[in-house]
Amino acid sequence: MRIRPRRVVARQSLKLFTAIIAAQLYTTAAAEEVGDIYGGLTYSQTIAKDESPRHLGTFKPTTIGVGLSVVAIPNLALDGYVFTGLNDSTLALAASSDMTVNVKDGYGFNLRPYLSLSKTWGIYAKLGRQFGSQEATLRRSVLQTTTSTSYAHTIYGLGFSYNLDAQWGIGADYTKSKRIPSEQTNSSLISVGLRYKF
């Protein structure tokens, strides 16, 4: 009787294990069908770190948004959403001055490739464009100056989802904004949300 080396047995076992997992992922991923439509409500916190020579600090305004998502092809959804500011963020700059950042409103679109790990858990990535406006108010004693700006950013990130039942689910993700050369702020976003399958 011929005895196979341990490395060969381990390699074959790993291949079999990988094939079983791939088959499981494929069957569970196929549970969401092309044409499925989801609505969602999302709470997000922006983390905007000032990287200018002044180093003003990190501002953390929050937003709330609503969106729609449609499964376009297997394992790829298209997202569209709108959002508005919920809470602003204020930092003290000196003894008699402070700055407040307030997100006004905006909208965006994402490509969202996803993979179901089981009937309840899934992971996804995001790549898209986000458009919005915000205000920064600088107060010095009795003087106050407000500056409004608009932006258009490419965003990318990762997240996970959990299905509560056949229609309701929750998710959380972390996204980054690609900074353009003229900007002096490094921005990211942490979001949690509730979704409903129509």
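What comes next is a walk through the structure. Just so we're clear, the structure is a prediction, and the values are computed from it rather than from any experiment.

### Here's the deal with the pattern of salt bridges
In step 1: Applying the stated criterion across every chain yields a total of four salt bridges.
In step 2: Across the pair Arg112 and Asp79 runs a salt bridge, and its minimum N-O distance is 3.0 Å. Here Asp79 lies in strand 4 (residues 76-87) and Arg112 lies in strand 6 (residues 97-116), a separation of 33 residues in the sequence. Considered together, Arg112 and Asp79 belong to a single accessibility category, that of buried residues.
In step 3: For the salt bridge of Lys126 with Asp173, the shortest nitrogen-to-oxygen distance reads 3.2 Å. Residue Lys126 is located in strand 7 (residues 121-140), and its partner Asp173 is located in strand 9 (residues 168-177); the two are separated by 47 residues in the primary sequence. Neither Lys126 nor Asp173 differs from the other in exposure class; each is buried.

### Topic: the pairing of strand 6
In step 1: With nine bridges joining them, strand 4 and strand 6 adopt antiparallel strand pairing. Residue pairing for strand 6: Gly80 is matched across the bridge by Phe109.
In step 2: For strand 5 (residues 89-94) and strand 6, the ladder comprises five bridges, and the chain directions are antiparallel. In the strand pairing of strand 6, Thr90 is matched with Thr100.
In step 3: Here strand 5 hands over to strand 6 after two residues, the two strands then running antiparallel side by side.
In step 4: Linking strand 6 back to strand 7 in an antiparallel pair, the connection comprises four residues.

### What about the pairing of strand 8 (residues 143-163)?
In step 1: Note: strand 7 against strand 8, 20 bridges, orientation antiparallel. Following the sheet pairing, Arg129 is matched in strand 8 by Thr154.
In step 2: Hairpin connection of strand 7 to strand 8: two residues between the antiparallel strands, including Ser141 at a positive phi of 55°.
In step 3: In the sheet, strand 8 pairs with strand 9 via nine bridges, with the strands oriented antiparallel. When the sheet's bridge partners are listed, Asn163 is paired in strand 9 with Gly169.
In step 4: Counting the residues that bridge the hairpin from strand 8 to strand 9 gives four residues.

Rules of the game
Residues numbered from 1 in each chain as written. Predicted model: local features only at pLDDT ≥ 70, side-chain atom pairs only at ≥ 80, totals over all residues. Heavy atoms only, no water. Salt bridge = Lys/Arg side-chain N within 4 Å of Asp/Glu carboxyl O. Helix = DSSP H or I, 4+ residues; strand = E, 2+ residues; numbered from the N terminus. Buried < 20%, exposed > 50% of the residue type's maximum accessible area, 1.4 Å probe, protein only. Pairing = 2+ DSSP bridges.

Geometric descriptors of this kind do not, in isolation, establish any biological role.
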